[in-house]
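Report on the structure
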Amino acid sequence: MQNIRVSFFPFRVLTFLLSIFLFSPNLLIAKEVPKLTSHIIDETWTLTPGFEKEINDLLVQHENKTSNQVVVLLTSSLEDENLEEYSLRVAETWKLGQKGKDNGVLLFIAKDDRKLRIEVGYGLEGTLTDVLCHRIIEQEIKPSFKAGDFEEGIRNGVHKILGAIAGTYTIPPPKDYSYLGPLAFLGEMDGGGENIPITVRIFGSLFVFGILGVFTYLAANLPYFGWVLYFFLFPFWSLFPIALHGPDIGIIIFLTYAIGMGLWKLYHLLTPHGRKRMKEKESAYGGSGRSSGGGFSSGGWSSSSSGSSSFGGGGGSFGGGGSSGSW
C-alpha cells in the first residue's frame, strides 16, 4: 500500500500545476514590459512621428538640463493587469531616473482600457506630489482624452509634469469667500458649478427647482407645518443652487428664498388679511393644519523609430507615489 501511495505523488503534483494554469493564468502569464527605446513609446500607432519627435526632444532637453528622466508609455491594454502594479513594474524595470537621485517619472496610458497613471520616483515625490498628479490627470489630460485628442492630452500632461517639477505649476490657493460675510461658510461648498456646461446647468436647474417648487408652495400655504417646511428647505435652497451655479449666484437664490418666503410667512401671521387667508387654507386642507401638520394625511507609428536603441534608465527607484485616473 505504501508503494501505491508513492506512485500517485507525481500525478497529484501534475494535477495541482494544471489547476493553477487553468484557473490562475495571470500567475503564469504577465503582460510584457516593452524595451525602453525613447522618451515616448507608442505601442498603439496613435501618435504621429512629428508629435513623438516634439515630446521626445522636450524630454531629452529636460533630462540633459536637470537629470530628471520623464518617459511616456502609450499601450493598448493592460491585459487584465492591475494599473498601479503594472505601471510600477514598468518604471522599476526601466529604472527611470538617476541612481541615488531616484528622479524618474512615468506617464502611463492604457488607451483601450481608458486608464492612466503618473508614476513618480522617490526623489521627486516632494515636488510632484500625489495631489498635483491627480490635478494634472483630472484637469490637464482627461478633458482632451475624452474628446479623443490624445496628442493634446499628452502634450498638456507632459508640460504640466515638467512645470510641477520646476515649481511653476501649483495648486491655486483656495478661493476667499470672506466678502460673503456671515455666509462665507456657504462658499466653501462650491463644487465648481460655474465650470459645468450651460445646458447641464439649465436642465439641472429645471429639475431641481421643479421639485423644490412643490415643497416651497406647501411651505407658503400650509398654516402651521408650513413654518417647519420653510426652515427645512434652507439647506436645499442653498446647496443645490451653489452646486449648479457657483456661490455668488447660489447665495443670491438662497437669500431670495429665505427673505422672500420669510416675509410672506410673516405677512400671513401678522396681518388680518393674511390670517384670514391662512384660515381659508386651513379649511381647504380639512382643518388639519394644527393637528396633523398642515394637511398631510396617512392615506499612429511605433515610437521606437524616434529614439536611440542605447537609451535606458539611470537606476532610479520608485515607491508607488503618483496618481491614477480613467476617462
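Residues numbered from 1 in each chain as written. Predicted model: local features only at pLDDT ≥ 70, side-chain atom pairs only at ≥ 80, totals over all residues. Heavy atoms only, no water.

An unreviewed UniProt entry lists the chain under the name TPM domain-containing protein, with Leptospira kobayashii as the source organism.

1. Here's the deal with the overall build of the chain
Along its length, the chain carries 11 helices and five strands. Among the 327 residues that make up the chain, the fraction classed as buried is 41%. Accessible surface, the chain: about 18200 Å² in total, of which carbon and sulfur atoms supply 63%. (Helix = DSSP H or I, 4+ residues; strand = E, 2+ residues; numbered from the N terminus. Buried < 20%, exposed > 50% of the residue type's maximum accessible area, 1.4 Å probe, protein only. Areas by Shrake-Rupley, 256 points an atom, 1.4 Å probe, with all protein chains shown as cover.)

2. Description of the UniProt feature "transmembrane region" (unreviewed entry) in the chain
Sequence positions flagged by UniProt for "transmembrane region" (unreviewed entry) are, in local numbering, residues 202-220, 227-244 and 250-270. The span residues 202-220 shows a helical share of 100% and a strand share of 0%, and its end C-alpha atoms are spaced 25 Å apart. (UniProt positions renumbered as here; feature names shortened; annotations may be inferred.)

3. Concerning helix α9 (residues 225-232)
Every buried residue belonging to α9 is among Gly 226, Leu 229 and Tyr 230, and all of these are buried. In a view along the axis of α9, the buried residues occupy a sector of 105°, so they form one face of it. Among the structural elements, α8 (198-221) and α10 (234-270) are those in contact with the buried residues of α9. (Arc of directions from axis to C-beta. Contact = heavy atoms within 4.5 Å.)

4. Topic: the pairing of strand β4 (residues 115-121)
The buried fraction of β4 is high, at six of seven residues. As judged from the six bridges shared by strand β3 (residues 104-110) and β4, these two strands associate in the antiparallel manner. Bridge assignment links Ala 110 to a residue of β4, and that residue is Lys 115. Linking β3 back to β4 in an antiparallel pair, the connection comprises four residues, with Arg 114 at a positive phi of about 60°. (Pairing = 2+ DSSP bridges.)

5. What about the nonpolar core?
Within the largest apolar cluster, 30 residues are counted, with the highest numbers of intra-cluster contacts made by Ile 118, Leu 128 and Ile 161. Secondary structure elements with two or more residues in this core: α3 (49-66), β2 (69-75), β3, β4, α5 (130-146) and α6 (150-166). Top element by residues in this core is α6. It accounts for seven residues. When neighbours within four sequence positions are excluded, Leu 128 is seen to be in contact with Val 105, Ile 118, Val 120, Cys 133, Ile 136, Ile 161 and Ala 164. (Core = buried A, V, L, I, M, F, W, Y, C linked by side-chain atoms within 4.5 Å.)

6. Things to note about the side chain of Asn 221
As for its placement among the helices and strands, Asn 221 is situated in helix α8. A relative accessible area of 4% places Asn 221 in the buried class. Reaching out from Asn 221, the side chain makes a polar contact with the backbone oxygen of Tyr 217 at a distance of 2.8 Å. (Polar contact = N/O pair within 3.5 Å; in protein donor to acceptor, adjacent residues only side chain to side chain.)

7. Quick notes on unusual backbone geometry
Even without being a glycine, Trp 45 presents a positive backbone phi close to 60°. In this fold, Trp 45 is placed in the loop between β1 (40-42) and α3. By relative accessible area, Trp 45 is classed as exposed at 53%. Within the chain, Asp 80 stands out as a residue other than glycine whose phi angle is a positive 70°. Position of Asp 80 among the secondary structure elements: in the loop between β2 and α4 (83-94).

8. Considerations on the pairing of β3
Of all the seven residues making up β3, seven are buried; the element is thus mostly covered by neighbouring parts of the structure. Along β3, one buried face is formed by Gly 104, Leu 106, Phe 108 and Ala 110 and the opposite face, lined by Val 105, Leu 107 and Ile 109, is buried too. Relative to β3, β2 runs parallel, the two sharing seven bridges. Looking across to β3, one finds that Gln 69 is bridged to Gly 104. Running through α4, the crossover from β2 to the neighbouring parallel element β3 is right-handed. (Right-handed = clockwise from strand over helix to strand, strands pointing away.)

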